[in-house]
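Chains, contacts and geometry: an overview
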Amino acid sequence: QLALNELRLAEINKPNLDEQFIIYRYRRIIEDDIADNQGTKALDSVASMAFENHNRYFQGYMKRTAYLHMEFWHQLTESNPNLYRLKNIGCQIQRNLNHLREHWDKMQMINKNLSEPCRQYGLFL
(Lines give C-alpha, C1' and ligand atoms only; values in the text may rest on other atoms or scores of the structure.)
Protein backbone atom coordinates (compact mmCIF):
# COMPACT_ATOMS: atom_id res chain seq x y z
CA GLN A 1 0.00 0.00 0.00
CA LEU A 2 2.84 2.36 0.86
CA ALA A 3 4.52 1.60 -2.47
CA LEU A 4 1.32 2.50 -4.34
CA ASN A 5 1.19 5.87 -2.55
CA GLU A 6 4.80 6.56 -3.53
CA LEU A 7 4.05 5.72 -7.16
CA ARG A 8 1.03 8.05 -7.14
CA LEU A 9 3.19 10.84 -5.76
CA ALA A 10 5.71 10.20 -8.52
CA GLU A 11 2.94 10.50 -11.14
CA ILE A 12 1.94 13.92 -9.78
CA ASN A 13 5.45 15.27 -10.46
CA LYS A 14 4.90 14.87 -14.24
CA PRO A 15 7.67 12.41 -15.11
CA ASN A 16 8.88 11.93 -18.69
CA LEU A 17 7.46 9.16 -20.88
CA ASP A 18 9.98 6.46 -19.87
CA GLU A 19 9.42 7.12 -16.18
CA GLN A 20 5.62 7.12 -16.70
CA PHE A 21 5.86 3.66 -18.25
CA ILE A 22 7.99 2.35 -15.37
CA ILE A 23 5.58 3.82 -12.81
CA TYR A 24 2.60 2.32 -14.63
CA ARG A 25 4.29 -1.08 -14.84
CA TYR A 26 5.21 -1.20 -11.14
CA ARG A 27 1.76 0.05 -10.12
CA ARG A 28 0.13 -2.77 -12.11
CA ILE A 29 2.45 -5.36 -10.58
CA ILE A 30 1.68 -4.15 -7.05
CA GLU A 31 -2.08 -3.89 -7.67
CA ASP A 32 -2.17 -7.40 -9.17
CA ASP A 33 -0.17 -8.74 -6.23
CA ILE A 34 -2.57 -7.11 -3.75
CA ALA A 35 -5.58 -8.52 -5.61
CA ASP A 36 -4.03 -12.01 -5.65
CA ASN A 37 -3.27 -11.88 -1.93
CA GLN A 38 -6.81 -10.80 -1.08
CA GLY A 39 -8.21 -13.69 -3.14
CA THR A 40 -5.84 -16.17 -1.54
CA LYS A 41 -6.70 -15.11 2.00
CA ALA A 42 -10.26 -16.32 1.51
CA LEU A 43 -8.95 -19.48 -0.10
CA ASP A 44 -6.43 -19.92 2.71
CA SER A 45 -9.15 -19.90 5.33
CA VAL A 46 -11.08 -22.54 3.38
CA ALA A 47 -7.90 -24.57 2.90
CA SER A 48 -7.09 -24.19 6.59
CA MET A 49 -10.52 -25.48 7.57
CA ALA A 50 -10.16 -28.41 5.16
CA PHE A 51 -6.70 -29.16 6.57
CA GLU A 52 -8.02 -29.15 10.14
CA ASN A 53 -10.89 -31.43 9.12
CA HIS A 54 -8.54 -33.92 7.44
CA ASN A 55 -6.16 -33.69 10.41
CA ARG A 56 -9.00 -34.55 12.82
CA TYR A 57 -9.95 -37.62 10.76
CA PHE A 58 -6.26 -38.51 10.43
CA GLN A 59 -5.79 -38.44 14.22
CA GLY A 60 -8.94 -40.49 14.76
CA TYR A 61 -7.92 -43.18 12.27
CA MET A 62 -4.48 -43.40 13.86
CA LYS A 63 -6.01 -43.98 17.30
CA ARG A 64 -8.53 -46.52 16.02
CA THR A 65 -5.89 -48.37 14.03
CA ALA A 66 -3.52 -48.50 17.01
CA TYR A 67 -6.33 -49.88 19.16
CA LEU A 68 -7.16 -52.50 16.51
CA HIS A 69 -3.50 -53.54 16.36
CA MET A 70 -3.53 -54.06 20.12
CA GLU A 71 -6.75 -56.07 19.84
CA PHE A 72 -5.27 -58.14 17.01
CA TRP A 73 -2.15 -59.01 19.03
CA HIS A 74 -4.26 -59.70 22.11
CA GLN A 75 -6.27 -62.24 20.11
CA LEU A 76 -3.02 -63.87 18.97
CA THR A 77 -1.78 -64.29 22.55
CA GLU A 78 -4.75 -66.46 23.45
CA SER A 79 -4.15 -70.21 23.50
CA ASN A 80 -6.91 -70.79 20.94
CA PRO A 81 -7.29 -67.59 18.83
CA ASN A 82 -10.55 -66.98 16.99
CA LEU A 83 -9.52 -66.90 13.33
CA TYR A 84 -12.76 -65.30 12.20
CA ARG A 85 -12.24 -62.47 14.72
CA LEU A 86 -8.61 -62.08 13.59
CA LYS A 87 -9.73 -61.84 9.96
CA ASN A 88 -12.30 -59.15 10.82
CA ILE A 89 -9.81 -57.14 12.84
CA GLY A 90 -7.25 -57.41 10.03
CA CYS A 91 -9.81 -56.14 7.52
CA GLN A 92 -10.70 -53.23 9.80
CA ILE A 93 -7.01 -52.39 10.21
CA GLN A 94 -6.50 -52.40 6.44
CA ARG A 95 -9.59 -50.26 5.85
CA ASN A 96 -8.47 -47.75 8.51
CA LEU A 97 -4.95 -47.63 7.05
CA ASN A 98 -6.40 -46.84 3.62
CA HIS A 99 -8.48 -44.00 5.10
CA LEU A 100 -5.44 -42.82 7.04
CA ARG A 101 -3.29 -42.67 3.90
CA GLU A 102 -6.09 -40.93 2.01
CA HIS A 103 -6.34 -38.15 4.61
CA TRP A 104 -2.55 -37.92 4.79
CA ASP A 105 -2.36 -37.39 1.02
CA LYS A 106 -5.09 -34.74 1.14
CA MET A 107 -3.31 -32.95 3.97
CA GLN A 108 -0.09 -32.96 1.95
CA MET A 109 -1.89 -31.51 -1.06
CA ILE A 110 -3.17 -28.63 1.07
CA ASN A 111 0.06 -27.94 2.97
CA LYS A 112 3.48 -29.43 2.27
CA ASN A 113 4.89 -28.26 5.63
CA LEU A 114 3.48 -30.89 7.99
CA SER A 115 5.94 -30.95 10.86
CA GLU A 116 3.67 -32.08 13.72
CA PRO A 117 1.44 -34.48 11.70
CA CYS A 118 4.58 -35.89 10.04
CA ARG A 119 6.14 -36.58 13.44
CA GLN A 120 2.95 -38.26 14.66
CA TYR A 121 2.63 -40.32 11.48
CA GLY A 122 6.26 -41.40 11.82
CA LEU A 123 5.68 -42.51 15.42
CA PHE A 124 2.55 -44.35 14.33
CA LEU A 125 4.35 -46.25 11.59
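Here the structure is shown first, and the text comes after it.
Residues numbered from 1 in each chain as written. Predicted model: local features only at pLDDT ≥ 70, side-chain atom pairs only at ≥ 80, totals over all residues. Heavy atoms only, no water.

With that settled, consider the environment of Ser115. Mapped onto the elements of the fold, Ser115 is located in helix H4 (residues 115-124). Note on Ser115: relative accessible area 56%, which makes it exposed. Expressed as a C-alpha distance, the spacing of Ser115 and Lys63, which sit 52 residues apart in the sequence, is 19 Å. (Helix = DSSP H or I, 4+ residues; strand = E, 2+ residues; numbered from the N terminus. Buried < 20%, exposed > 50% of the residue type's maximum accessible area, 1.4 Å probe, protein only.)

All right, on to the side chain of Asn96 then. Relative to the helices and strands, Asn96 is located in helix H3 (residues 83-110). Discounting chain neighbours no more than four positions away, the residues touching Asn96 are Tyr61, Arg64, Thr65 and Leu68. (Contact = heavy atoms within 4.5 Å.)

With 28 residues, H3 should reach 40 Å at 1.5 Å per residue; the first-to-last C-alpha distance of 41 Å fits that figure. Restricting attention to buried positions, one finds in H3 the residues Leu86, Ile89, Ile93, Asn96, Leu97, Leu100, His103, Trp104 and Met107. (Expected span 1.5 Å × (residues − 1).)

Moving on, we come to the side chain of Asn55. Within the element layout of this structure, Asn55 appears in helix H2 (residues 17-77). Ignoring any residue separated from it by four or fewer positions in sequence, one finds Asn55 in contact with Met107 and Pro117.

Below, the discussion takes up unusual backbone geometry. For Lys14, which is not a glycine, the phi torsion comes out positive at approximately 50°. Along the chain, Lys14 turns up in the loop between helix H1 (2-12) and H2.

Judged by side-chain polarity, Phe21, Ile22, Tyr26 and Ile29 come together as a nonpolar surface patch covering roughly 410 Å² of accessible area. Secondary-structure assignment places Ile22 in helix H2. (Patch = residues over 30% accessible without salt bridge, like charges linked within 9 Å, V, L, I, M, F, W, Y side chains within 5 Å. Areas by Shrake-Rupley, 256 points an atom, 1.4 Å probe, with all protein chains shown as cover. Salt bridge = Lys/Arg side-chain N within 4 Å of Asp/Glu carboxyl O.)

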